[in-house]
Amino acid sequence: MSIAVAASSRRGARQVPLLLRLAARDLRGGISGFGIFIGCIFLGVWAITAVSALSHSLSDGVAREGRTMLGGDVSFARSHSPLSDAERRFFAARGLLSSVAIMRAIARYSDRAGLIEIKAVDSTYPAAGAAGLAPALPLPDILAAVDGVYGMVADEALSAKLDVKLGDRVEIGTSSFELRAFLMSEPDKLAGGIGFGPRVILSHDALRASGLLQPGALVRWINRLTITPARGHAVASDDEATRLIDEANAAFPGAGWEVRTRTNVSPQFSKNVDRLTEFLTLIGLTSLIVGGSGIANAVRGFVERKRMTIATMKALGASGSYVFAETLVEILCIALIGILAGTLAGAIMPLIINSLFGALIPFPLTSALYPQAVASGLIYGLLATLTFALGPLGRVHDISVSGLFRDEIEPSRTRLRWRYRLLIAAVALALLITVLTTSPNLRVAIIYVGATLGSFVVLRLLAGLLVALVRRVPRPHGLTLRLALVEIRRAGTLAPSILLSLGLGLALLVTLAMIDANLRRQIGQQIPGTTPSFFFLDVRAAEASAFQDYLKAHTPEGTVETAPLLRGRVVKVKDRKAEDVHPKDNAAWVLEGDRGITFTSKVPDGSSVVKGTWWSSNYSGEPLVSLDVEIADGLGLNIGDVITVNVLGRELNARIANLRHVNWRTLGINFVLVFSPNTFAGAPYTRLVTLAFPPGNNTARENAILRATAHDYPTITSIKVKDVLDAVSNIISQLAVAIRAASSVALIAAILVLAGAIAAGQRARAYDAVILKTLGATRWRLLAAMVVEYALIGAVAAVFGLLAGAAAAYVIVTRIMAFDFAWIWAQSLAAAGLALVFAVVLGLVGTWRVLGVKPAAMVRSL
Amino acid sequence: MGSEPPAVELSGVNIHLGRGASRVHVLRDIDLRIGRGEAIGLVGPSGSGKSTLLMVLAGLERPDSGLVLVEGTDLAKLDEDRLARFRGARIGIVFQSFHLIPTMTALENVAVPLELQGVVDALKRAREELAAVSLADRAAHYPAQLSGGEQQRVALARAIAGNPAILVADEPTGNLDDATGNAIIDLIFELKRARGTTLVLVTHDAALAARCDRVVRMRSGRIEPAGSDVILSAAQ
């Protein structure tokens, strides 16, 4: 190595500590002016870290509590039929077997009736965990028959619904049951899915006594096994569970069970957690990216404040790249405050939520720190900071020293050097790759990244257009308008920053408002006269005709329809096992769990055949099935393909004869799978009956028919559609609140950026205000000019926000939620209008103080 | 006259600043030679190009045409980083507005050019330079705690800390009262004499300019031909 190169290497090695030393000295001046900068970074990093930590915590909690939540190590679930004796012997020989039966029914007390979700349990329940009861008595004692009356446990919601209290006797089916305790917590609630009525726990004997267990009744039998572990182990291993499942499937090949394990308690729940995690991560990322504008503004302000110092350093022998490196070190040190604080605050969220709300939330959170979450926050924070800070920092390289020799420092007009452009591109690419590789849904991530970049580009173009337009319009006569336009077109105008933060914030608000409105429209929209008011389940075939006559007699103005109803599972698709099929997102649900199926000789109302032909009314050949055309597409099926379903414990193959378009919006009787009538000849089934009232206020009629049918047909389950829609609407409302709360993080970031942009322009405004005041302008005149200025920028931002927000909502509602979209403007306009007013007021409040600066004080310092 | 090259040699230097309609021909065909150890007073009305000329010979502005040799080195042949190191090692600058770094103490301000050059005992040498300008007891003070005269003395110590061959002073007394300013000028000339430094001093003060070995007058970007444009030998 030559002496020169060696000297250069030694010099380079000494530069790093010198860089840190010089940066530390410069930071003695404090970090004032970086509040927004740190706040924007903190907010985004906190959101991303918290989401990751909570997601891991939830997954860990479900895994840890899996056995309790499932009620055993493995569960084998099937509709209609309980375990056969052989099956029972098989499982009982391998561990502790616990069987529960789940079904819906109507409970009656006095003149009130309401839908309940029955869980009938045996003496081993709960096999894992404990049910919370009030009073806290042994469950078998509560449920036992006393003087011929069985006991029941109910969720407190039943008390509100039927106005019952402990000791009262509630009628279910053909029997009465004494309410002996309230159910405060249910260890296996998550595995049971969403219900539409309060939970009621009975014993198996009690369920049999109720008369509800008729052939073909819609009851789901869930059999849980706590496997006897190998010697020396407290709990069976995952391998043992897998072996047992294989043995059971081999011993009973056509059993048609839906199998779950303690590590896969609720696939639907896990999927929803993934979706929620993805959505919330994108919200966190949005806040980080929206905050990026604040980061850039703060760094720009920092560079302006340090211009003299940087020029001096260059005069003393520091090169352009050296001063860039030194200011980069300073900015990173300050950014680390926000990054570390945000990461720490996000990482401890599981601990905070568990300690504050642990007793209230229905699913387990593990109180732990997750390195993956911490790493996620650190990486995103660092990359986002660099992406937005490198641009203004790169200009440090070319700060002219000439200002040291002259009184006035002109802002550098040079283009950013290529090395810094490439550096920004590299960092932005790293951020993009991080987003795409860590997202569970690549398609959504790509759409999000594209939409965000597109928004930035469009807003930047809009800002440029606005400034260019303002520069070209003839000078207005009015002084107020002229002053407003001067602020917009001046060099270094903050219009782009304000437009960016306001535009993105408004777009987010409008997106949320439109999605919310469309969801509610979907739920609330019913086609008058055809949408049923009631679904009646478990109508025995023998009583169906009489029941229909009964309904027609009680409600002559109503429309009654009926269809046979069984439940079955799709177990094979074209000879491939259902679990080996990779369906499209819109069809995956068909393969998960039991489905309602029917048979008929005619094309069902609300459906139309789009491909293939319908079977004749007296068809008697091989079993045929008609499939929803979109589901067929999602499963990769076509005319002539064979699917295998398991119904009542038997597998049957059916060939696809035709594909139908189904109008689900009517909420009428419609099925994904409709079989030819000969398919289930001789099989026990019940009938589904619907009752639809004409348009109008039918509340009194609905309540009357509910009471009457509960009294006269106690084994028939009546489901009031309005109650279901209300329950779904409630869930959506809660979800909407949660989404808005999460999105508020991004909105707060937008507000911070807006405040920062306004604050950044204060010095120039103060200067202008002083000059104008010495010339005779009043504060009100200056304020009026500001109102016009912010209103103009705000109007452009509002137009962008409305259009971009509506477009984003359209994509989300039609492509991701697969609903129809309606341009519901009222809420969006209201949201945009309010946000605009807020932004103008914020700008005025921030500027009012500046207008109060006394001219004399400022002039002395000029 | 020795065989050493002059401290500064400018030949046919032209420089334009600004763009489009605001483009100005600031320096026009400048030819100037400054001998080693010579003190030059650069005078002229505002806008005559004095500051720009200073920046050219300090390597802070690159001319559009012409040759700039400083201590025999063609500045055009140095890339940006080498130019910065050359400037830090060979040229000291004293500004009218001092331009001390406000977050550094007097000692640290003086040490900065030494640290940038990689001098190992930078702080020790900085302390010596502060002592040379009689400010050893103010080493730990920040610029805001110093008077104008003290700040300019710190700036002077910073400018000469690296023993530069050339000291450039741009109206060093412009922001000081007469008494303080005179003390600063005395100090500059004393240090120049003790170290044999070449001095280029921009001033509006005719009396101050007269203390220099030679006065160079500028007007409208050109050096005015005058009798005082005779190059004196370094020995004088």
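As the structure is a computational prediction, the values presented were derived from the model and not from experiment.

A.B. asks: What should I look at first to understand the overall build of chain A in this one?
C.D. replies: Per the secondary structure count, chain A includes 26 helices and 21 strands. Along the three orthogonal principal directions, the C-alpha set of chain A runs to about 105 × 70 × 60 Å. Counting over 862 residues, chain A shows a buried share of 51%. A fraction of 82% describes how many contacts in chain A between residues 6 or more apart in sequence connect residues 24 or more apart. Here chain A displays about 38,400 Å² of accessible surface, and carbon together with sulfur accounts for 61% of that area. Each charge class in chain A can be summarised by its mean position, and for the 84 positive and 62 negative side chains these summaries are 14 Å apart.

A.B. asks: How should I be thinking about the side chain of A:Asp594 in this particular structure?
C.D. replies: All names here are of chain A. Following the sequence through the fold, aspartate 594 ends up in the loop between strand 13 (576-577) and strand 14 (595-599). Here arginine 220 takes part through its side chain, which lies 2.8 Å from a polar atom of the side chain of aspartate 594. For aspartate 594, the residues in contact, after removing those within four places along its chain, are Arg78, Ser79, Arg220, Glu258, Arg567, Gly568 and Arg569.

A.B. asks: Would you explain the sheet that holds strand 9 (residues 214-219) of chain B in this entry?
C.D. replies: Sheets are built from strands paired through backbone hydrogen bonds, the pairs being either parallel or antiparallel. All names here are of chain B. Pairing in this open sheet of 6 strands is mixed, and the strands run 6-7-8-3-9-10 from one edge to the other. Each edge of the open sheet carries a strand with a single partner, namely strand 6 (91-94) and strand 10 (222-223). Examined bridge by bridge, strand 3 (residues 39-43) and strand 9 share 4 bridges and lie parallel to one another. Its bridge partner being in strand 9, valine 43 is matched across the sheet by arginine 217. Of the strands in this sheet, strand 6 and strand 7 (166-170) are in contact with helix 2 (residues 80-90), which crosses strand 6 at around 75°. Against the sheet, helix 5 (residues 148-160) contacts strand 6 and strand 7, and its axis sits at roughly 170° relative to strand 6.

A.B. asks: When you look at the side chain of A:Arg687 in this model, what are you seeing that I'm missing?
C.D. replies: All names here are of chain A. Mapped onto the fold, arginine 687 is located in strand 20 (residues 686-692). It turns out arginine 687 is buried and unbridged, and the closest side chain with the opposite charge, glutamate 561, is 11 Å from it. Only 3.0 Å separates the side chain of arginine 687 from the side chain of threonine 562, close enough to count as a polar contact.

A.B. asks: Would you explain the environment of A:Leu344 in this entry?
C.D. replies: Residue and element names in this part refer to chain A. Residue position: leucine 344 is located in helix 11 (residues 320-347). Classification of leucine 344 by relative accessible area gives exposed; the value is 54%. With 392 residues separating them in the primary sequence, leucine 344 and alanine 736 have C-alpha atoms 28 Å apart.

Cut-offs and rules
Residues numbered from 1 in each chain as written. Chains lettered and ligands numbered in written order. Predicted model: local features only at pLDDT ≥ 70, side-chain atom pairs only at ≥ 80, totals over all residues. Heavy atoms only, no water. Helix = DSSP H or I, 4+ residues; strand = E, 2+ residues; numbered from the N terminus. Buried < 20%, exposed > 50% of the residue type's maximum accessible area, 1.4 Å probe, protein only. Contact = heavy atoms within 4.5 Å. Areas by Shrake-Rupley, 256 points an atom, 1.4 Å probe, with all protein chains shown as cover. Lys, Arg positive; Asp, Glu negative; His and termini not counted. Charge placed at Lys NZ, Arg CZ, Asp CG, Glu CD. Polar contact = N/O pair within 3.5 Å; in protein donor to acceptor, adjacent residues only side chain to side chain. Pairing = 2+ DSSP bridges. Axes fitted to C-alpha atoms, helices over the stretch in contact; angles between N-to-C directions. Salt bridge = Lys/Arg side-chain N within 4 Å of Asp/Glu carboxyl O.

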